[in-house]
Amino acid sequence: MVSNDQGAGVAAAASAEQSKPFNATASLTRLHTWFGLTAGWLLFVIFFTGSLTVFAPEITLWMQPEVSVPSHSELGATPRTLQTAEAFWADKGQSDARAMVRFPDTRNPDLRISFGGRGDIKTYAMDPLTGVQFEPRDTMGAQFFRALHYRLNIDRRSNEIGFWIVGLATAMMLAVLISGVIIHKRIFRELFVFRSRSAYPRAWLDGHTALGVFALPFLFVIGFTGLAYFYFLYMPAGVSALFDGDQAAFRQSMSQSAQGGGGGKREAGAMLPLSTFVEKAEAAMPRSEMASIRITPSKGGASVVEVRGSRDVGIVRDAGRVAFDGASGDIVQPLAAPLPAERLQSFVVGLHLAWFGGYAMHWLYFVLGLVGAGTMATGLVMFTVKRSARIDRASRADRLWWLAVGRINVAVIAGLALASISYLWANRVLAVGLEERAMFEIRIFFVVWVAALLHAYLRGAAMAWREQLGLAALMACSLPVLNWMTMRQWAGTYAADGDWQRFSVELVVVAMGVGAAAAAIKLGNISAAAESTFQRRNVEALT
Amino acid sequence: MIAAAFCLAYCGLSGLAASQTHRKRDIPHVVATRIPSWLLRIFGTLALLASLWVCLSIWPIDEGIVAWILVAATSGIAVVGVLSLAPGGFWWFLSLAAIAGGAALGL
């Protein structure tokens, strides 16, 4: 029961709180802290996996060691590559199924032909010159990181909750960025300040600010474009007005360009050689290299053949596509100039996906993506480090909450690193012929991640930082050894063969392992000090 | 060429950082330089503009500006890192090495 004195005290405190003048900086600091904490865990995952996704083709290539990189440089829809594709088509072509031919490019050295639609696709990978088929192991490769990045690997066909959670976290990030700029009053004067040797809260704050301020334009652009990418989900007014809210109908109308174009009845008949369509498409799109052909069977008529240009032609992806009647070769959907709104959307998407600027741009996106993840990580760690200094004044509930935050930090940051490297290890360790092999790789990723959470709970943050990051470092640094033991390949053989894509992947993994080792030492020491204070106080509170 | 842009941005931001060493409360952990602040600011700004020019000579204007922002951000983080690790002479040595490297690559 609350006594009168206590009731009066509470009322007086509430009155004093109300009489305080509104302090915008204090309010924004609270917003920065709590939005940063709640969205930060998710944003770390989004940024880390997004950075990996920048090099998705390279990572996937590493995860499919059966695909050999040809020594020649036969890229695009060259006559010899087309010849290989047509020979395969004559042998295995299916007139009643959707098909896609993807020509080799600088990042994907093999020729790929796939049949089937969503959920049931059979893909053949082959040498673009000899036609020798590769049999790559069943893996999602870096597509898994991509799915985790933008929809938390939740199947989009079952529901769209993954998109919404990522979108909410991104919107919160934009609020955190703006509030961070406002509350940091000496932002330009302290632009170069990073006192790494200072006491811990100061060093972490400096590090968090330095990373965040320099990466600010990138973080803002990447967050905004990430939201604008899925405008039809987050701002569904247009879809509601035009399609009565039917997202499926909207998506169908967006993707049915080839089938729907042209009008007029098309006569059934044997499909012309693929080279015919490529030649016509090259004439229609002289500025673009041909990247792929999509073949869509239509009811009662000949197939529609859609030739698409290369994506790497600038921020705005106006490489274009031309659709032909498969039997007659007539254009059924000519290359149309995109509408201004389409160009704007294309600009936004191009800016987010970095399909421009070549490898230099990809490296910049990769590094700054990791810097973004580092900003989130330093902010999360700072939350507990700062609070360890005022543990004496905190309630028991607060102390328990801070302990929990410290452990969740370990599970999210170190656990994700450990799960990611485990995913690469699983790719080499699991038997190639295993049923549902790709799913097993993903299961291993999530099992390791959940185990990391349990481990952090049981061991405490200090030990968990050391052990999880230490193990991740060990696994990353020994990945070339595992690769050699299982595949007789490693960075040295890749360099000798001129396979610089796989070489870079392995080198970056090892470099990240070294970084994880350094972080294990640093974070372990900090958390040991913070955790011992927390635990000492909790024991006192319990006794 | 992208390396030249990076080196120039690194030099420019080093110059701007050095111009802040006269007031101890701005970058308290860094050894002060005797070069006047205004000179360092002009040098820094020119080096950053040169870095932008290099980016625009590699890419079209839209891609070039995006690339320059990313290059400046990356080199800025590098400057901050070097400043924290070596606030004394080594930092100046690295900046001079970056100038030489940028000039060599640019040529």
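A.B. asks: An account of the overall build of chain A is needed here, citing residue identities and associated values.
C.D. replies: Secondary structure summary: chain A contains 21 helices and eight strands in total. Out of the 543 residues in chain A, the part that is buried amounts to 47%. When the accessible surface of chain A is totalled, it reaches about 26,200 Å², and 62% of it is carbon and sulfur.

A.B. asks: Could you give an account of the environment of Val-505 of chain A, naming the residues involved and the relevant values?
C.D. replies: Residues and elements named next belong to chain A. With respect to the helices and strands, the residue Val-505 is situated in helix H21 (residues 500-542). Each C-alpha atom of the pair Val-505 and Ala-491 lies 8.7 Å from the other, and the pair is 14 residues apart in sequence. For Val-505, the contacting residues outside a window of four places in its chain are Glu-58, Ile-59 and Trp-62.

A.B. asks: Account for the interface of chain B and chain A, naming residues and giving values.
C.D. replies: Taken residue by residue, the interface counts 30 residues in chain B and 27 residues in chain A. Where chain B abuts chain A, roughly 2,300 Å² becomes buried across the two surfaces, and 70% of that area is made up of carbon and sulfur atoms. Sorting the residues of chain B by area buried against chain A places Leu-70, Ile-77 and Val-80 of chain B first, and these three jointly supply 23% of that buried surface. The interface formed by chain B and chain A holds zero salt bridges in total.

A.B. asks: I'd like a rundown of the side chain of Ser-179 of chain A, residues and numbers included.
C.D. replies: Residues and elements named next belong to chain A. As for its placement among the helices and strands, Ser-179 is situated in helix H6 (residues 161-183). Here Ser-179 falls in the buried class, since its relative accessible area comes to 2%. A polar side-chain atom of Ser-179 sits 2.9 Å from the main-chain carbonyl oxygen of Val-176. Excluding its chain neighbours within four sequence positions, the residues that come into contact with Ser-179 are Leu-28, Leu-31 and His-32.

A.B. asks: Mind laying out the environment of Phe-145 of chain A, listing which residues take part and the relevant values?
C.D. replies: Residue and element names in this part refer to chain A. With respect to the secondary-structure elements, Phe-145 resides in helix H5 (residues 143-151). Taking the relative accessible area as the measure of exposure, Phe-145 reaches 2% and is therefore buried. The sequence separation of Phe-145 and Phe-48 amounts to 97 residues, and the corresponding C-alpha distance is 9.0 Å. Aside from chain neighbours lying at most four places away, what touches Phe-145 is Thr-49, Leu-52, Thr-53, Ser-420, Tyr-423 and Phe-445.

A.B. asks: Which residues make up the pairing of strand S7 (residues 321-325) of chain A, and what are the values?
C.D. replies: Residues and elements named next belong to chain A. Burial within S7 is extensive, with four of its five residues counted as buried. Sheet topology note: the strand S6 (residues 304-309)/S7 ladder contains five bridges and is antiparallel. Its bridge partner being in S7, Arg-308 is matched across the sheet by Arg-321.

A.B. asks: Tell me what's going on with the pattern of salt bridges, and back it up with residues and numbers.
C.D. replies: Two side chains bearing opposite charge may form a pair once their charged atoms approach each other closely. Residue and element names in this part refer to chain A. All told, the structure shown has nine salt bridges over all chains when counted by the stated rule. Its salt-bridge partner being Arg-107, residue Glu-58 comes within 2.8 Å of it at the nearest N-O pair. Remark: Arg-107 occurs in the loop between strand S1 (99-102) and strand S2 (111-115) and Glu-58 occurs in helix H3 (residues 56-62); sequence separation between them is 49 residues. Note on Glu-58: relative accessible area 4%, which makes it buried. Here Asp-499 and Arg-502 are joined by a salt bridge, their closest N and O atoms 2.7 Å apart. When its relative accessible area of 6% is taken as the criterion, Asp-499 is described as buried.

A.B. asks: Quick rundown of the state of the cysteines? Include the residues and the values.
C.D. replies: In this structure the tally under the stated criterion is zero disulfides over all chains. Here Cys-7 of chain B is not cross-linked by a disulfide; its sulfur's nearest cysteine counterpart is in Cys-11 of chain B, at 6.7 Å.

Reading the values: rules and limits
Residues numbered from 1 in each chain as written. Chains lettered and ligands numbered in written order. Predicted model: local features only at pLDDT ≥ 70, side-chain atom pairs only at ≥ 80, totals over all residues. Heavy atoms only, no water. Helix = DSSP H or I, 4+ residues; strand = E, 2+ residues; numbered from the N terminus. Buried < 20%, exposed > 50% of the residue type's maximum accessible area, 1.4 Å probe, protein only. Areas by Shrake-Rupley, 256 points an atom, 1.4 Å probe, with all protein chains shown as cover. Contact = heavy atoms within 4.5 Å. Buried area = accessible area lost by both parts, 1.4 Å probe. Salt bridge = Lys/Arg side-chain N within 4 Å of Asp/Glu carboxyl O. Polar contact = N/O pair within 3.5 Å; in protein donor to acceptor, adjacent residues only side chain to side chain. Pairing = 2+ DSSP bridges. Disulfide = S-S within 2.5 Å.

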